[in-house]
Amino acid sequence: MSRYMRACFDGLEAYVPGEQPQDRSYVKLNTNESPFPPAPAVLAAVDAEVKNLHLYPDPEGRVLREKLAEQYGVRPENVFLANGSDELLSFAFLAFCGRERPVAFPNISYGFYPVYASLYQVPYTEIPLREGFVLAAEDYCGLNRNIVLANPNAPTGRAIPARDIEEIVRANPDHVVLIDEAYIDFGGESCLPLIHRYDNLLVCQTFSKFRSLAGGRLGYALASQGLIGDLEKIKYSTNSYNVNRLTLAAAAATLDSGGYYEENGKKIQENRAYTTQELAGLGFETLPSVTNFIFTRCPAVEGEALYQALKSKGVLVRHWNKPEIADWCRVTIGTREQMDLFLDKVREIVKEAG
Ligand SMILES: *Cc1c(COP(=O)(O)O)cnc(C)c1O
């Protein structure tokens, strides 16, 4: 830190993104990207848009918002676009949380939540998950705070039903309940229909995972017009052109290629079941997952050692040193070939350990 940075950021611990190594090629199962490239129509749409890059993008992203609204049965006024859902979360924390409006989230969840809370100096409470990393809705009722939940949760992969979300939203009518549905399309139950009945529910989704567009950076919120208007106010006070032209074009074309992504999603589900079963044969314990990753632990090799051994063999997975989850590794589900390679390396490591 230079002597010019404000002292209030002394204690700020920035988010550490998953490794994106450029030195050698790895089987990359560490940041939950899709192993499948964007649909052909997306490549064509981006190509066609390049010639317009001398012009600013539409700050309202009108075409894309209308398409998303149609797809989800809402109005464009219920849709907000952001540069990845990370930016969306940042705007939401800035808009709705503060000293006088504290926030709560699970003790094991997406690592960015405590970072945004610290950045904006928002008091936060981490609510412990129950046995088996189960999220109990009753733990979030009547907290008198804003609430942020990933559903399905990361890095556990577990989900709760929409009726549990409804219970939480109803029990906190004077606070915003933000549901981060980054992985919803891999098998969870979306709470989106509830936005028509609850004006305090903010649903966040992304093109980064199921829709193979992590590099394009597009997240969106679906909520009551009031909450969307609040996010707009923050956006227009920060960066009115937050979503660039190529990404707007890519995303619109993505929505026109639904079948391609559904097929890819099915392959991920198959590969998830296959990988889980093979790991079980090696004695691994794997949580039930409705996402494009699994959270797994090996009885013979502790988490950090497994992560390191896989890395030395050219396979990247994600591991955290946090005590509650130090035994576990999060493994993104890739293609069948990638999973077979991962499993081969795991077999070698288990053998070497035994
Ligand atoms: C990947 C992820 C995000 C971030 O998505 P971007 O749209 O790429 O910024 C947000 N929340 C959770 C829980 C995620 O896993």
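Residues numbered from 1 in each chain as written. Predicted model: local features only at pLDDT ≥ 70, side-chain atom pairs only at ≥ 80, totals over all residues. Heavy atoms only, no water.

Trainee: Give me the lowdown on the domain arrangement of the protein chain, citing residues and values where you can.
Mentor: Segmentation of the protein chain into domains returns domain 1 (10–37 + 259–353) and domain 2 (40–255). Between the C-alpha centres of domain 1 and domain 2 there is a distance of 25 Å. Of the residues lining the interface, 30 residues belong to domain 1; the matching set on domain 2 comes to 30 residues. A combined buried area of about 2,400 Å² lies between domain 1 and domain 2, and 68% of that area is made up of carbon and sulfur atoms. In terms of surface lost to domain 2, no three residues of domain 1 exceed Tyr15, Tyr261 and Val290, which account for 29% of the buried area on that side. The tally of links between domain 1 and domain 2 comes to zero salt bridges. Our enumeration of links across domain 1 and domain 2 arrives at seven residue pairs in polar contact (both at pLDDT 80 or more). (Domains from an automatic or database assignment. Contact = heavy atoms within 4.5 Å. Buried area = accessible area lost by both parts, 1.4 Å probe. Salt bridge = Lys/Arg side-chain N within 4 Å of Asp/Glu carboxyl O. Polar contact = N/O pair within 3.5 Å; in protein donor to acceptor, adjacent residues only side chain to side chain.)

Trainee: For the nonpolar core, give the residues involved together with the corresponding values.
Mentor: With 80 residues, the main nonpolar core has Leu64, Leu68, Leu201, Leu222, Val317 and Phe342 as its most contacted residues. Counting only domains with at least three residues in this core, you end up with domain 1 (10–37 + 259–353) and domain 2 (40–255). Core analysis: the second largest hydrophobic core is formed by 29 residues, Tyr113, Tyr116, Ala117 and Leu178 among them. (Core = buried A, V, L, I, M, F, W, Y, C linked by side-chain atoms within 4.5 Å. Buried < 20%, exposed > 50% of the residue type's maximum accessible area, 1.4 Å probe, protein only.)

Trainee: Give me the lowdown on the sheet that holds strand 9 (residues 285–286), citing residues and values where you can.
Mentor: Overall, antiparallel pairing links the three strands, which are arranged 9-10-12 in an open sheet. Edge positions in the sheet fall to strand 9 and strand 12 (328–332), since each has one partner strand and no second. The pairing of strand 9 with strand 10 (residues 293–297) spans two bridges and is classified as antiparallel. By the bridge assignment, Thr286 is partnered in strand 10 with Thr296. (Pairing = 2+ DSSP bridges. Helix = DSSP H or I, 4+ residues; strand = E, 2+ residues; numbered from the N terminus.)

Trainee: Would you mind going over the site of the ligand in detail, with residue names and values included?
Mentor: All residues adjacent to the ligand are Gly84, Ser85, Asp86, Tyr110, Asp180, Ala182, Tyr183, Thr206, Ser208, Lys209 and Arg217. Ser85 is positioned with one of its backbone polar atoms (N or O) 2.6 Å from an oxygen atom of the ligand. Within the side chain of Arg217, one N or O atom sits 2.7 Å away from an oxygen atom of the ligand. The element that contributes the greatest number of residues to the shell around the ligand is helix 3 (residues 84–96), accounting for three residues. A class-by-class count of the residues in the shell around the ligand yields three nonpolar, four polar and four charged. (Near = heavy atom within 4 Å. Nonpolar A, V, L, I, M, F, W, Y, C, P; charged D, E, K, R; others polar.)

Trainee: Just give me the short version of unusual backbone geometry, but keep the residues and values in it.
Mentor: Both trends apply: most residues other than glycine have a negative phi, and most peptide bonds are in trans. The amide bond that connects Asn151 to the next residue, Pro152, takes the cis arrangement and shows omega of -5°. Positionally, Pro152 belongs in the loop between strand 5 (146–150) and helix 5 (162–170). Ala154 connects to Pro155 through a cis peptide bond whose omega is 5°. Unlike most non-glycine residues, Phe133 shows phi in positive territory, near 60°. In this structure, Phe133 sits in the loop between strand 4 (124–127) and strand 5.

Trainee: So, the packing of helix 9 (residues 303–312) against helix 10 (residues 336–353): which residues are in play, and what are the values?
Mentor: Contact geometry of helix 9 with helix 10 gives a least axis separation of 10 Å together with a crossing angle of 120°. Relative to helix 10, the element helix 9 lies oblique. The way helix 9 lies across helix 10 gives a crossing that is right-handed. Residue-level contacts link Leu306, Ala309 and Leu310 of helix 9 to Phe342, Lys345, Val346 and Ile349 of helix 10. Its residues assigned to classes, the contact of helix 9 with helix 10 shows six nonpolar, no polar and one charged. (Axes fitted to C-alpha atoms, helices over the stretch in contact; angles between N-to-C directions. Parallel < 35°, antiparallel > 145°, perpendicular 65-115°, else oblique. Left-handed = near helix turned anticlockwise from the far one by under 90°.)

Trainee: Give a description of helix 9 that names residues and reports values.
Mentor: For helix 9, the complete set of buried residues consists of Gly303, Leu306, Tyr307 and Leu310. Across the axial projection of helix 9, the buried residues extend over an arc of 100°, all falling on one side. Lining the buried residues of helix 9 we find strand 11 (315–316), strand 12 and helix 10. Where helix 9 begins, one side-chain oxygen reaches toward the backbone nitrogen of Glu304, 3.2 Å away; that side chain belongs to Glu302. Gly314, located one to two residues past helix 9, shows a positive phi value of around 90°. (Arc of directions from axis to C-beta.)

Trainee: Go over the packing of aromatic side chains with me, naming the residues and quoting the values.
Mentor: The geometry of two aromatic rings is summed up by the distance between their centres and the angle between their planes. Counting across every chain of the model gives 18 aromatic pairs. Between Phe186 and Phe210, the ring centres sit 5.3 Å apart and the planes meet at 75°, which makes this aromatic pair edge-to-face. Of the two residues, Phe186 sits in the loop between strand 6 (177–180) and strand 7 (201–206) while Phe210 sits in the loop between strand 7 and strand 8 (219–223), which places them 24 residues apart along the sequence. Classification of Phe186 as buried rests on a relative accessible area of 3%. Between Phe295 and Trp328, the aromatic rings sit 5.3 Å apart at their centres with planes inclined by 15°, giving stacked as the arrangement. Taken together, the residues span a long stretch of sequence, with Phe295 in strand 10 and Trp328 in strand 12 at a distance of 33 residues. Its relative accessible area of 0% is what places Phe295 among the buried residues. A network of ring pairs unites the aromatic residues Tyr15, Phe93, Phe105, Tyr110, Phe112, Tyr113, Tyr116 and Tyr124 as a single cluster. Its end group placed over the ring of Tyr274, Arg336 keeps NZ or CZ at 3.6 Å from the ring centre. (Phe/Tyr/Trp six-rings, centres within 6.5 Å; stacked < 30°, edge-to-face > 60°. Lys NZ or Arg CZ within 6 Å of the ring centre and 35° of its normal.)

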